[in-house]
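Each chain, written out:
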4 protein chains.
Amino acid sequence: MKIGFIGLGHMGNPMARNLLKHGHTLKVFDVVPDLLKRLTDQGCAAATSARDCASGVELVITMLPSSPHVKRVYTAEHGVLDGVGKGVPLIDCSTIDPHTARDVAMDAKAKGNPMVDAPVSGGTGGAEAGTLTFMVGGSVEDFERAKPILQCMGKNIVHCGDAGNGQVAKICNNMMLAIEMIATAEGMALAAKLGMDPRIFASIANTSSGRCWSSDTYNPYPGVLENVPSARGYSGGFGSDLMLKDLTLVTEAAKAARQPVVLGGMAQQLYQMHSAMGNGALDFSSIIKLYKKD
Amino acid sequence: MKIGFIGLGHMGNPMARNLLKHGHTLKVFDVVPDLLKRLTDQGCAAATSARDCASGVELVITMLPSSPHVKRVYTAEHGVLDGVGKGVPLIDCSTIDPHTARDVAMDAKAKGNPMVDAPVSGGTGGAEAGTLTFMVGGSVEDFERAKPILQCMGKNIVHCGDAGNGQVAKICNNMMLAIEMIATAEGMALAAKLGMDPRIFASIANTSSGRCWSSDTYNPYPGVLENVPSARGYSGGFGSDLMLKDLTLVTEAAKAARQPVVLGGMAQQLYQMHSAMGNGALDFSSIIKLYKKD
Amino acid sequence: MKIGFIGLGHMGNPMARNLLKHGHTLKVFDVVPDLLKRLTDQGCAAATSARDCASGVELVITMLPSSPHVKRVYTAEHGVLDGVGKGVPLIDCSTIDPHTARDVAMDAKAKGNPMVDAPVSGGTGGAEAGTLTFMVGGSVEDFERAKPILQCMGKNIVHCGDAGNGQVAKICNNMMLAIEMIATAEGMALAAKLGMDPRIFASIANTSSGRCWSSDTYNPYPGVLENVPSARGYSGGFGSDLMLKDLTLVTEAAKAARQPVVLGGMAQQLYQMHSAMGNGALDFSSIIKLYKKD
Amino acid sequence: MKIGFIGLGHMGNPMARNLLKHGHTLKVFDVVPDLLKRLTDQGCAAATSARDCASGVELVITMLPSSPHVKRVYTAEHGVLDGVGKGVPLIDCSTIDPHTARDVAMDAKAKGNPMVDAPVSGGTGGAEAGTLTFMVGGSVEDFERAKPILQCMGKNIVHCGDAGNGQVAKICNNMMLAIEMIATAEGMALAAKLGMDPRIFASIANTSSGRCWSSDTYNPYPGVLENVPSARGYSGGFGSDLMLKDLTLVTEAAKAARQPVVLGGMAQQLYQMHSAMGNGALDFSSIIKLYKKD
């Protein structure tokens, strides 16, 4: 299949390479020439603009950093909708706010192009290994059409409902994740301060009602689990500033919907404080630094 | 074995009956005559005071509502330590603050009696079924001695370290639980408000990094799971006021240890607000009422 | 002086009338015909667009509901900058985010028009009475030029520094106000719950270190002060939804600046919860309803 | 008048000296010999116990660090109530929880001694200068009797209602103060981060609805006011750990009363975090360190 791929950064690059491995032909675009070159070196054709990248292909995939980028790449002059053939399906894998996702999908539909939002979880590791989870918003028909392509890049392809719902699933999940990570940090640090071995406390919480992914799979307390960021000084993983970005997205979506998210708002503030203290590049489990001396 | 059992309420009564079923002989005491009678009707001997209950038995078990009760029942005049034979082991199953647990254990040790704190999780259902989890604080030797008796009343008997650590494990786990329940309530309510089917969102979160016991086993959103309190108007289960009690214990233990628990403190406040609105008797998953109209 | 005035709602209408009273000639515009008519009935000339309103006048004043409105009215086709004469000064009295204020001021400057942001405090009462406070951002020269006109509508005209700083002053002040109002609500409700006469407590706090405008001038507890919203069921005054709007502005400005505002974020959430409970139209001191039964 | 004075620390010492200056005769007691000596050097008689200190005097004043101290000094064996003559009035100036204050006052009354709680504000500076504020709980008659003596040590003597209400006034005021200080810290730091001169912002807030004692009299931002702790590296003043102690008192009183204090609980957590970072000895306005780099 001939695919246009726009956005070739940390995530987009390995995703595009996985499509190549599955025998697809790629035309690629990025505003950073160096990122572009790394893929044309692998045999992809270089496009000169988003519009060019979208012309003459059977499918367009985008992986961009934020809502304004998505809006521009699709709807501005020289954008995707300017160049894409009628009926060609569009897949946006960026994590953005649900309202923009719905707006752009509507614009695409008006031009005759079916579009799904398909944000991912799994990080750069999952992108390399082709084991990402895709949370897909769009009609059943559009989801079914996107699925075989997404399976070249991921393992779990989940239908979340109509356009925008991929984003809703992603940001609501990540809000729960952030709160639960802080809950785990507070619980672990307090148990240790009150005189308990953190490994024993983790083993108990993990078989009790306090268990969560942050405690049993990604524990923030050093020495509890191996092969997680807390075991290596919080390097690698999912950066605190990326979590802050998702918390900002979700609290703004909540404001727009006039929906209270008290602990979500508090988590946003705590990650903001953590970042202002200079820890934005560390994995998000480093939030435990607010609660214990190193 | 001849056992003295003090505190015969909702939890103590079925725990005592499970000991009877396993062939033990019980001498029981409670300040409420009616609670006492319900067990003497089952063949237990009635004691006239905590001291009397502790005299002439091979083991003492207590199940009491709060720290001051435990302090008084053990150390006041006519209390357990006044009457118990030297060397007789003591097991306190109450949920209380770790400092009191350690103080009383120290007093017991000074009198020559080994004591463990062994708070439970599993609620009245687990007490009836004999499937409680016991989190035990005390020496390895004292833990091993208590274990076979606790197995008459529970399924998971976990050693948490020295005296007081059973309480630490219990309250730190419950703090995580409360925060994660609110996280789930906020995530579910927001996903629904943003237009997503709550059951689909739950199924995604439960296989992603946002999963926790509150989302996959005890979901607060009505219609997501069967046989949980949210499926029956939040009746039964673990009352909001009981959760508030545990949050009060844990935030006070954190204050005494000068340890911040920001979301823990916030959870305590939100349950306080929920209770002040008249919902204290509903299951603790009803906290979602702060986030959605019925 | 010949002035173009755009935005003729609850605030803009009385402000425009005060300019008339001082002998200025007005050309006015609003997208709502009825609002327009209410001022042409007073002798103002009607414009057909923002551009038209800005043509042939010596000064332009705008009073609009939000950042996107300001952006559009000034910079879109048929907007103010399309029609205004070179060098004509511009005054925007809307409360919007500082970044948009600075962007629009920069666009105006590029066209040769000096612009100040001049958000107000004092509400509709102050607008009627001509006693508003204006917080003005712009150069000293531009501030001095705007001052005599603003004095037709207000009493306190304060220079806050460069363009955008009027907005900064407004939203940071209102964030403090919201937090202090909740602080007062919590303190008053707790003192009453602990058995103290709320009037006596207020009189003490108001002469002590806990005093603030919310306690000594606008107390939220019914019966403490006369002639405030709490004395009349929280009608009139500054609506909770307007406070929520300002809190949303300020927390988003904080996010963009990567600055933590923990209690600010919490205040935003509490007003969101209050609004979701149906109290958005009540004065913002009604937040005390979260803390006491009526 | 012959007065027994117990508790001779940072506050008690200057308060006792002010009584001497007004011509009263003092019998004093403290468990720390050195503190005792500093007052016997000034001509006070030394007592050997609280009971001894209370015997043969016409009035007893106490200034102690916490609830358990007050309970013990008054009601334990060899305590005040053991030795004091019938009808001799008692004044406790400690800051403690209202419930303990009421309990002890009731015990005193049962023995025939009228007692008032009279916690102070004004710090060591006010104690030296004799300008403290006393918040007095007790009957009108008992208040009137205590007033002339308190006027030897303070300027404002305020009647707060029945026994315990002095404590209620003190801790509720200080909760408001702590929240308002954090509000000011957040507002000042954000205004500065958004590009505004902090002195200009303070001057605006101080004449607007955001004004409070923390902004106009004790501003935490360095360079805004002279002669406050922020002007001298946060030395002197009212220590963060003392504020933390009061916040702990007030949140526990709120829990006991089942009253939510959401921002109060959050303030308690933030001061706990600040203290855990090693800033407990700095003035409480140093909480702004959580919000800005030095």
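What counts, and where the lines are drawn
Residues numbered from 1 in each chain as written. Chains lettered and ligands numbered in written order. Predicted model: local features only at pLDDT ≥ 70, side-chain atom pairs only at ≥ 80, totals over all residues. Helix = DSSP H or I, 4+ residues; strand = E, 2+ residues; numbered from the N terminus. Rg over C-alpha atoms; globule rule 2.2 N^0.38 Å. Contact = placed C-beta atoms within 7 Å. Nonpolar A, V, L, I, M, F, W, Y, C, P; charged D, E, K, R; others polar. Least-squares fit on C-alpha atoms with pLDDT ≥ 70 in both. Buried ≥ 20, exposed ≤ 12 C-beta atoms within 10 Å, placed from the backbone. Pairing = 2+ DSSP bridges. Right-handed = clockwise from strand over helix to strand, strands pointing away. Core = buried A, V, L, I, M, F, W, Y, C linked by C-beta atoms within 7 Å. Axes fitted to C-alpha atoms, helices over the stretch in contact; angles between N-to-C directions. Expected span 1.5 Å × (residues − 1). Arc of directions from axis to C-beta. pLDDT = per-residue confidence, 0-100. Domains from an automatic or database assignment.

In terms of helices and strands, chain A carries 13 helices and 9 strands. The C-alpha atoms of chain A give a radius of gyration of 20 Å, which matches the 19 Å a tight globule of 294 residues would have. C-alpha extents for chain A along the principal axes are approximately 65 × 45 × 35 Å. By sequence separation, contacts in chain A at least 24 residues apart represent 64% of the contacts at least 6 residues apart.

Counting from both sides, the interface comprises 54 residues of chain D and, opposite them, 53 residues of chain C. Of all the secondary-structure elements, those providing two or more residues to the side of chain D that touches chain C are β8 (132-137), β9 (154-161), α9 (165-193), α10 (198-205), α12 (240-256) and α13 (262-279) of chain D. No other element matches the 20 residues that α9(D) contributes to the side of chain D that touches chain C. A class-by-class count of the residues in the side of chain D that touches chain C yields 34 nonpolar, 15 polar and 5 charged.

In this section: the relation of the copies chain D and chain C. For these two chains of identical sequence, chain D goes onto chain C by a turn of 180° and a shift of 0.0 Å along the axis, with RMSD 0.1 Å. Such a combination of turn and shift is consistent with a two-fold rotation axis. Ranked by how close their C-alpha atoms come to the rotation axis, the residues of chain D are headed by D:C212, at 2.0 Å. The fraction of interface residues of chain D whose copies in chain C are also interface residues reaches 96%, indicating that both copies meet through the same surface.

Residue and element names in this part refer to chain D. Where burial is concerned, most of β9 is hidden: 6 out of the 8 residues are buried. When β8 meets β9, the two strands line up parallel, connected through 6 bridges. The residue bridging G137 from the neighbouring strand is G161, located in β9. Handedness of the crossover joining β8 and β9 through helix α8 (residues 140-150) is recorded here as right-handed.

Now for the nonpolar core. With 403 residues, the main nonpolar core has A:I179, A:L263, B:I179, B:L263, C:I179, D:I179 and D:L263 as its most contacted residues. Those residues in contact with D:I179 that lie beyond four places of it in its chain are C:I179, C:A183, C:L263, D:L263, D:G264 and D:A267.

Our focus in this paragraph is the sheet that holds strand β8 (residues 132-136) of chain C. All names here are of chain C. One open sheet accounts for 3 strands, arranged β7-β8-β9; its pairing is mixed. Of all the strands in the sheet, the pair left with one neighbour each is β7 (120-121) and β9 (154-159). Looking at chain direction, β8 and β9 are connected through 5 bridges and run parallel. Looking across to β9, one finds that T133 is bridged to N156.

This next bit is on the relation of the copies chain A and chain C. Placing chain A over chain C gives an RMSD of 0.0 Å and needs a rotation angle of 180°, together with 0.0 Å of translation along the axis. Mapped onto chain C, 100% of the interface residues of chain A are again interface residues, and the two copies thus contact each other with one and the same surface.

Let us now look at the sheet that holds strand β4 (residues 59-62) of chain C. Residue and element names in this part refer to chain C. Strand order in the open sheet made by the 6 strands is β3-β2-β1-β4-β5-β6, with parallel pairing throughout. Strands with a single pairing partner mark the edges of an open sheet, and in this sheet they are β3 (45-46) and β6 (115-117). The sheet contacts of helix α6 (residues 98-110) involve β5 (90-92) and β6, and relative to β6 the element is tilted by about 165°.

Let's shift gears to helix α6 (residues 98-110) of chain A. Residues and elements named next belong to chain A. Over its 13 residues, α6 extends 18 Å from the first C-alpha to the last, a length consistent with the 18 Å expected when each residue adds 1.5 Å. P98, T100, A101, V104, A105 and A108 are the residues of α6 that are buried. Mapping the buried residues of α6 onto a view down its axis gives an arc of 160°, with all of them on the same face. In the stretch just after α6, G112 is the one whose phi turns positive, near 95°.

To continue, consider the interface of chain A and chain C. Taken together, the 15 residues of chain A in the interface contact 15 residues of chain C. Class assignment for the residues of the side of chain A that touches chain C results in 6 nonpolar, 7 polar and 2 charged.

Residues and elements named next belong to chain B. Tracing the backbone shows K170 in helix α9 (residues 165-193). Separated by 50 residues in sequence, K170 and V120 have C-alpha atoms that sit 7.5 Å apart. Ignoring sequence-local partners within four residues, the contact set of K170 consists of T95, P119, S121 and M135.

This next bit is on unusual backbone geometry. Residues other than glycine seldom take positive phi values, yet A:Y234 does so here, at roughly 65°. Counting through the fold element by element, A:Y234 comes out in the loop between α11 (213-216) and α12 (240-256). Here the phi dihedral of B:R258 falls at roughly 55°; this positive angle occurs in a residue that is not glycine. Within the secondary structure layout, B:R258 lies in the loop between α12 (240-256) and α13 (262-279).

Here chain A averages 96 in pLDDT, and 100% of its residues register 70 or above. Quick note on the complex model: pTM equals 0.90, ipTM equals 0.93.

All names here are of chain A. When its domains are assigned, chain A resolves into domain 1 (2-162) and domain 2 (168-290). Computed from C-alpha coordinates alone, the two centres of domain 1 and domain 2 are separated by 29 Å. Listed per partner, the contact involves 9 residues of domain 1 and 9 residues of domain 2. Split by residue class, the side of domain 1 that touches domain 2 holds 4 nonpolar, 4 polar and 1 charged.

Another point: the environment of C:I91. All names here are of chain C. Mapped onto the fold, I91 is located in strand β5. Taking the C-alpha atoms as reference, I91 lies 9.8 Å from F143; in sequence the two are 52 residues apart. The contact partners of I91, leaving out residues within four places of it in the chain, are I61, V116, A118 and A146.

Attention now moves to the pairing of strand β4 (residues 59-62) of chain B. It is a general feature of regular strands that their side chains alternate between the two faces of the sheet. Residue and element names in this part refer to chain B. On β4, burial covers both faces: L59 and I61 on one face and V60 and T62 on the other are all buried. Relative to β4, strand β1 (residues 2-6) runs parallel, the two sharing 4 bridges. By the bridge assignment, I3 is partnered in β4 with L59. Sheet topology places β4 next to strand β5 (residues 90-92); 3 bridges connect them, and they run parallel. Note on β5: the bridge partner recorded for V60 is L90.

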